[in-house]
Every structure is written in structure tokens, then in C-alpha cells.
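Results of the structural survey
One letter stands for each residue in the lines below.
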Amino acid sequence: MIINPVFRYQPKPVMPMPLNVRSCGHYYIAEKHWQDRFLKKNFLQLFWGIRGIARLRFGNREVLLKPEHVCFYLPGDRHEVTLAEAPLEYCWLTIDGDGLEYLINSFQITRELRKAGPCPVELFESLSIHLHDYSAQGEYLASADGYNILCRAFAGENVENSLTERFKSIAAEQLDNPDLHPSKIAKMLNVHPTTLNRNISAATGMTPVEYITALRMQLVLSLIRTSGKSFKEIALETGFANANYLAKVFRKKFGCSPSEFRNGTGLEG
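Here goes a summary of the coordinates provided. Source: prediction; values computed, not measured.

What counts and how
Residues numbered from 1 in each chain as written. Predicted model: local features only at pLDDT ≥ 70, side-chain atom pairs only at ≥ 80, totals over all residues. Heavy atoms only, no water. Helix = DSSP H or I, 4+ residues; strand = E, 2+ residues; numbered from the N terminus. Rg over C-alpha atoms; globule rule 2.2 N^0.38 Å. Buried < 20%, exposed > 50% of the residue type's maximum accessible area, 1.4 Å probe, protein only. Contact = heavy atoms within 4.5 Å. Areas by Shrake-Rupley, 256 points an atom, 1.4 Å probe, with all protein chains shown as cover. Lys, Arg positive; Asp, Glu negative; His and termini not counted. Charge placed at Lys NZ, Arg CZ, Asp CG, Glu CD. 1 Å grid on protein atoms, 1.4 Å probe; cavity = no way out; pocket = protein on both sides within 12 Å on 5 of 7 lines; lining within 4 Å. Points joined across faces, edges and corners; volume = space filled by probe spheres on them. Nonpolar A, V, L, I, M, F, W, Y, C, P; charged D, E, K, R; others polar. Pairing = 2+ DSSP bridges. Core = buried A, V, L, I, M, F, W, Y, C linked by side-chain atoms within 4.5 Å. Salt bridge = Lys/Arg side-chain N within 4 Å of Asp/Glu carboxyl O. Arc of directions from axis to C-beta.

**Concerning the overall build of the protein**
- Each helix and strand in the protein was counted, giving 10 helices and 8 strands.
- For the protein, the C-alpha radius of gyration of 24 Å lies well beyond 18 Å, the compact-globule estimate for 269 residues.
- Taken along the three principal axes of its C-alpha coordinates, the protein extends 70 × 45 × 30 Å.
- Counting every position in the protein, which comprises 269 residues, the buried fraction comes to 40%.
- Within the protein, residue pairs in contact and separated by at least 24 positions form 71% of the contacts whose partners lie at least 6 positions apart.
- Accessible surface computed for the protein: about 14,800 Å², of which carbon and sulfur atoms make up 51%.
- Across the protein, the centroid of the 31 positively charged side chains sits 6 Å from that of the 28 negatively charged ones.

**Thoughts on empty space enclosed by the protein**
- Under the criterion given, the structure shown has 3 cavities of 30 Å³ or more.
- Here the largest cavity is characterised by a volume of approximately 40 Å³.
- What lines the largest cavity is simply R8, P13, M17, N20, V21, L131, E139, A142 and S143.
- Elements that contribute at least two residues to the lining of the largest cavity include exactly β2 (20-29) and α3 (136-155).
- No other element matches α3, which puts 3 residues into the lining of the largest cavity.
- Grouping the amino acids of the lining of the largest cavity by side-chain chemistry returns 5 nonpolar, 2 polar and 2 charged.

**A look at the pairing of β2**
- Most of β2 sits inside the fold, with 7 of its 10 residues counted as buried.
- Strand direction decides the pairing type here: strand β1 (residues 2-7) and β2, joined by 6 bridges, are antiparallel. Looking at the pairing, F7 lines up with S23 of β2.
- Across 9 bridges, β2 lies against strand β7 (residues 78-96) in antiparallel orientation. Residue pairing across strands places S23 opposite T94, the latter belonging to β7.

**Some remarks on the nonpolar core**
- In terms of nonpolar packing, the biggest core is built from 28 residues, with L46, W48 and L150 touching the most fellow members.
- Core analysis: the second largest hydrophobic core is formed by 16 residues, Y27, F47, L56 and C71 among them.

**Here we look at the pattern of salt bridges**
- In total, this model carries 13 salt bridges according to the counting rule given.
- Residues D96 and R8 are paired through a salt bridge, measuring 3.0 Å at the closest nitrogen-oxygen approach. With a gap of 88 residues between them, D96 in strand β7 and R8 in the loop between β1 and β2 connect regions that are remote in the sequence. Pair check on accessibility: D96 and R8 agree, each one buried.

**So, helix α2 (residues 121-131)**
- The complete set of buried residues in α2 reads L123, F124, S126, L127, S128, H130 and L131.
- Among the structural elements, β1, β2, β4 (44-58), β7 and α3 are those in contact with the buried residues of α2.

**Details of the pairing of strand β5 (residues 61-65)**
- As paired elements, β4 and β5 share 5 bridges and run antiparallel to each other. In the strand pairing of β5, R57 is matched with E62.
- Connecting the antiparallel pair β4 and β5 is a turn made up of 2 residues, with G59 showing a positive phi of about 65 degrees.

**Focus: unusual backbone geometry**
- Note that the residue after A86, namely P87, is joined by a cis bond; omega there is -5 degrees.
- With respect to the helices, strands and loops of the structure, P87 is situated in strand β7.
- In this model, E68 sits at a positive phi of 65 degrees, which is unusual for a non-glycine residue.
- Taking the relative accessible area as the measure of exposure, E68 reaches 27% and is therefore partly exposed.
- Positive phi, close to 60 degrees, is recorded for N190, a residue that is not glycine.

**A word on helix α1 (residues 100-107)**
- For α1, every residue scored as buried is listed here: L100, L103, I104 and F107. Looking straight down α1, one finds that the buried residues subtend no more than 95 degrees of arc, so they occupy a single side. Exposed residues lying more than 90 degrees from the buried face of α1 are E101, Y102 and N105.
- The inward-facing, buried residues of α1 contact β4, β7 and α3.
- Of the residues flanking the end of α1, it is Q108, one or two places downstream, whose phi is positive at about 55 degrees.

Below, the structure written as C-alpha cells:
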């Protein structure tokens, strides 16, 4: 059994930040009858499964933490963690800070199990090193690691050959094609447009059309600011039929014309 927790060297952080990491650990348990201490705790705790299964209880219900999944205990929860399937290995971290409630609401953190992909063990190792650094710099870097881990947990699995990644690849490669449409991409991927829409919406928070438009506008902004190309050239390069249509979409999205943006009298950025 390897129990390797690391704790912040004092109960309250030196640097008051919205997110402060107070402890972390990497556990490996081979014993058949193991359980952590049952305690009520007033901070946020994340568990990231690597192998085996842990049982997390929340009152009368329980969640089985599986490999490549994350689960949370919220502030005020009574922590009841036991082994369900050995060998069990997982990483964890605990978070407090002045902005903890805002953090929980922003990420929409709940007690539900969620698929997150392989555990970023290297980030937990970096976090452990920074928690051992008893300085303001150590606290800043530990908070950065903690926030990175949270973002990784909610970014989800990055599967190169997934439907979402293949869609993104085609959209990027054919961005200059004004006839590019999600229905055509769905046909290329051999899936129903509804299936494509559901997957892209779940992965990006945007519909396929919105994602393609966002990709185009991101390139438009870059070309306007960093090149001397005419708006006609930029329109052709980014998949707009002509400069007038580009200007119409640009104004609707940003509230100014491409010319105003180039001259610095419109959108700030």
C-alpha cells in the first residue's frame, strides 16, 4: 500500500487567491479491506481514478469511481471512501479559497461521476512538488497546477480519431470553401447530421455551424490585424462568398465593420 499525501504547510494560505490547493495525494491500495477515514470536511475534493474501483458514499447513495473518471466531494460533505475493486489507484486534491463557491458554480461541479480520460499523473506530481515549496511562489504554482487539473477534468477525453476531432480537422482543412456545411461533413464522416450535431454540441458547446463560423471569424480577426490583405482576399481565404457578406457577418458578431476593427475604432483586441 502506498499512501502519499502532501499538505499545505499551514491551514490558511499566505496568498489569498480564488483557488488555493491545500493538499494532494497519489494512492495505491492492494489490500482487500481498506477504507479512508470517514470525516466531514469543509473544502472541495477531486478524485481521479487510474485503476481499480473506489466506492464514494454520499449519505444514502454511492458512486463507483472507475479508471479515467473523476468525482467530487463538495464542501460540508462527509467523506466516506472505501475500496470496491483492488488493486486501487487514484490521485486526489483538495481546494479551498475565497472564490471556492464561484469556482464550483462556474465549473458546475456536482457529485456525479464524469468521464475525464487518463489521469494527468505528471500534473499531480508537479502539484506535490509545489506544495513542498513553502513560499508565496510555491502557493501560486500549486494553484496553477490545481486549476490546470480542474480544466483537464472538465475538458474530457482527447481522442485523436474521435468524431469531434475528425470534424475539427475537416473544418480546418476546408475553411476556405464557402460551400462547407455540416451536412456535407456528416456525409464525409458517414454519420447522420443529427449525430454530428449532438457530438459537436456536447464537446464544444456550439453547433457545427457555430463552430465553423467561430473558426472562420478567428482567422478573419487575425488576418485583419496581422496582414495587409484586402477584405476581398480575406473573405476568399476564410470561406466567405465576398467581402460584403464577410462585413455583414462581422458586424453582426462584433458590432463594428472590418474596416473599423483594422483602424482601431471598433472592437478592442
